[in-house]
Amino acid sequence: MFKSISRTQAIFFLILTAILWSFGGLLIKIVTWNPIAIAGMRSAIASIFILIYLRRPRLNWTKNQILGALFYAATVILFVYATKKTTAANAILLQYSAPIYVALLGHRILGEKTSRLDWIIIFTVIGGMMLFFFDQFQIGNVLGNIVAILSGVTFALLTIYLRSQKDASPLESVLMGNILTALIAIPFMLTSAPGKGSWLGLILLGLFQIGLAYILYSIAIKYVTALEGSLIPIIEPILNPIWVFLSLGEKPSKWALIGGSIIIVAMILRYLLPALMNKQQKTFQQNQKIPVNPSGK
């Protein structure tokens, strides 16, 4: 396990998390099964993987640990349900309104203030998301859209309650949340079986798209604010069509390219550029140090 990482490494871990999450849509296409059964089996496999990583999980049953687990399970299940009841674009766009809720609730729960620049970045990124899904967004099913909005709220609260355990181990909440998700999905898993060739997709989903991704996320969230923990992974949905394009040759639309570019530029200006400049400045300062002659000559 990582004992300590820098803020720059934490941002890099969040980017890796977003990359791993972004393979979800492509991998789920491999699996032919009930959506909630897929979510349950994915979580069951992830639970085993995380348990092996933790070896001895510290289950202290604190309020923050339990709430983190509950909001994790709620996020996974609500998003799967929303995806089934409304369009995938609606579900993703409405879930990734999470940074707004984090900005509103983070100060009250965690005492983390949101700056004016943060609000500008939030609305710039959400504007980019709306352009990104401009050709796909529809009125859709009202219930599905409401559930998608709720999944955004629960994702925000998940981020906040994982961040609240920055001095402990937030990964235990993820472990408990995955176990709870698997238990809730048992009735759906027992009524049918996955199709031929589906197990490869399920294993990859459990081990990498959820298991490894949330290990990285749980490490990173201890060293960044809750807002950063919800804002940086927003690059996930813009990576999805890239994998589809590379594997199926389906080109993204003009609006998707414009929206995706806005999101990437906003994230670079807010997080990656300052981190890289800070690293270069430290390297420069170290190189400018003049060695001291022990003899004093």
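Scroll up a little and you will see the structure.
As a convention, each chain's residues are numbered from 1 in the sequence order in which they are written. Predicted model: local features are reported for residues with pLDDT of at least 70 only, side-chain atom pairs are reported and counted for 80 or more only, and whole-chain, interface and lining totals are derived from all residues. Note that water and hydrogens are dropped before the side-chain values are worked out from all heavy atoms of the structure.

Visitor: How would you explain the overall build of the protein if you had to name every residue and give the values?
Guide: Scanning the protein from terminus to terminus reveals 14 helices and zero strands. Put simply, DSSP marks the helices as runs of H or I at least four residues long and the strands as runs of E at least two long, and each gets a number from the N terminus on. In the protein, the order of α-helices and β-strands from amino to carboxyl end is α-α-α-α-α-α-α-α-α-α-α-α-α-α. Burial classes: relative accessible area under 20% of the type maximum marks a residue as buried, over 50% as exposed, and values in between as partly exposed (1.4 Å probe, protein chains only). The buried share of the protein, reckoned over its 297 residues, is 47%. When checking whether two residues touch, look at their non-hydrogen atoms; a contact exists if any pair is within 4.5 Å. Across the protein, every contact between residues at least 6 apart in sequence was considered, and the portion connecting residues at least 24 apart equals 89%. Accessible area of the protein: about 15300 Å², with a carbon and sulfur share of 68%. In short, Shrake-Rupley with a 1.4 Å probe defines the accessible areas, and a residue's cover is counted only from the protein chains shown.

Visitor: Can you explain the environment of Tyr223? Please cite residues and give values.
Guide: Looking at the secondary structure, you find Tyr223 in the loop between helix H11 (198–220) and helix H12 (226–231). Note: C-alpha distance between Tyr223 and Asp167 (56 residues apart in sequence) is 10.0 Å.

Visitor: Tell me what's going on with helix H9 (residues 171–184), and back it up with residues and numbers.
Guide: For H9, spanning 14 residues, the distance from its first C-alpha to its last is 20 Å, which sits close to the expected 20 Å at 1.5 Å a residue. Most of H9 sits inside the fold, with ten of its 14 residues counted as buried. The inward-facing, buried residues of H9 contact helix H3 (35–54), helix H4 (63–85), helix H8 (142–163), helix H10 (186–190) and H11. Expected helix span is taken as 1.5 Å per residue step, with the number of steps being one fewer than the number of residues.

Visitor: An account of the environment of Ile215 is needed here, citing residue identities and associated values.
Guide: Within the element layout of this structure, Ile215 appears in helix H11. Through-space distance from the C-alpha of Ile215 to that of Leu54 is 9.5 Å; in sequence the pair is 161 residues apart.

Visitor: So, the side chain of Gln165: which residues are in play, and what are the values?
Guide: The residue Gln165 is located in the loop between H8 and H9 in this model. According to the relative accessible area criterion, Gln165 is buried, its value standing at 5%. Side-chain polar atoms of Gln165 contact the side chain of Ser173, separated by 2.9 Å. Beyond its immediate chain neighbours, meaning those up to four positions away, Gln165 contacts Asn64, Gln65, Pro170 and Ser173. Here a polar contact is taken to be a pair of N or O atoms separated by no more than 3.5 Å, where protein atoms must pair a possible hydrogen donor with a possible acceptor and residues adjacent in sequence count only if both atoms sit in side chains.

Visitor: For the nonpolar core, give the residues involved together with the corresponding values.
Guide: The definition of a nonpolar core used throughout is a set of buried Ala, Val, Leu, Ile, Met, Phe, Trp, Tyr and Cys residues joined through side-chain atoms within 4.5 Å. Counting 75 residues, the largest nonpolar core has Trp33, Val125, Met129, Tyr214, Ile263 and Met267 as the members making the most contacts within it. Take this core: its biggest share by element is ten residues, from H11. If you look at the next biggest cluster of nonpolar residues, it comprises five residues, including Ala82, Ala91, Val147 and Ala148.

Visitor: Describe the pattern of salt bridges, listing the residues and the values that go with them.
Guide: The working definition used for a salt bridge is a side-chain nitrogen of Lys or Arg within 4 Å of a carboxyl oxygen of Asp or Glu. On inspection of all chains with the given rule, the structure shows three salt bridges. Taking the shortest distance from any N to any O, the salt bridge between Arg7 and Glu228 comes out at 2.6 Å. Remark: Glu228 occurs in helix H12 and Arg7 occurs in helix H1 (residues 7–21); sequence separation between them is 221 residues. A residue is classified by how much of its surface remains accessible, and Glu228, at 5% relative accessible area, is buried. Note that Glu112 is salt-bridged to Arg163, the shortest N-O span being 2.7 Å. Of this pair, Glu112 sits in the loop between helix H6 (98–110) and helix H7 (116–132) while Arg163 sits in helix H8; the two residues are 51 residues apart in sequence, bridging distant segments of the chain. A relative accessible area of 10% means that Arg163 is categorised as buried.

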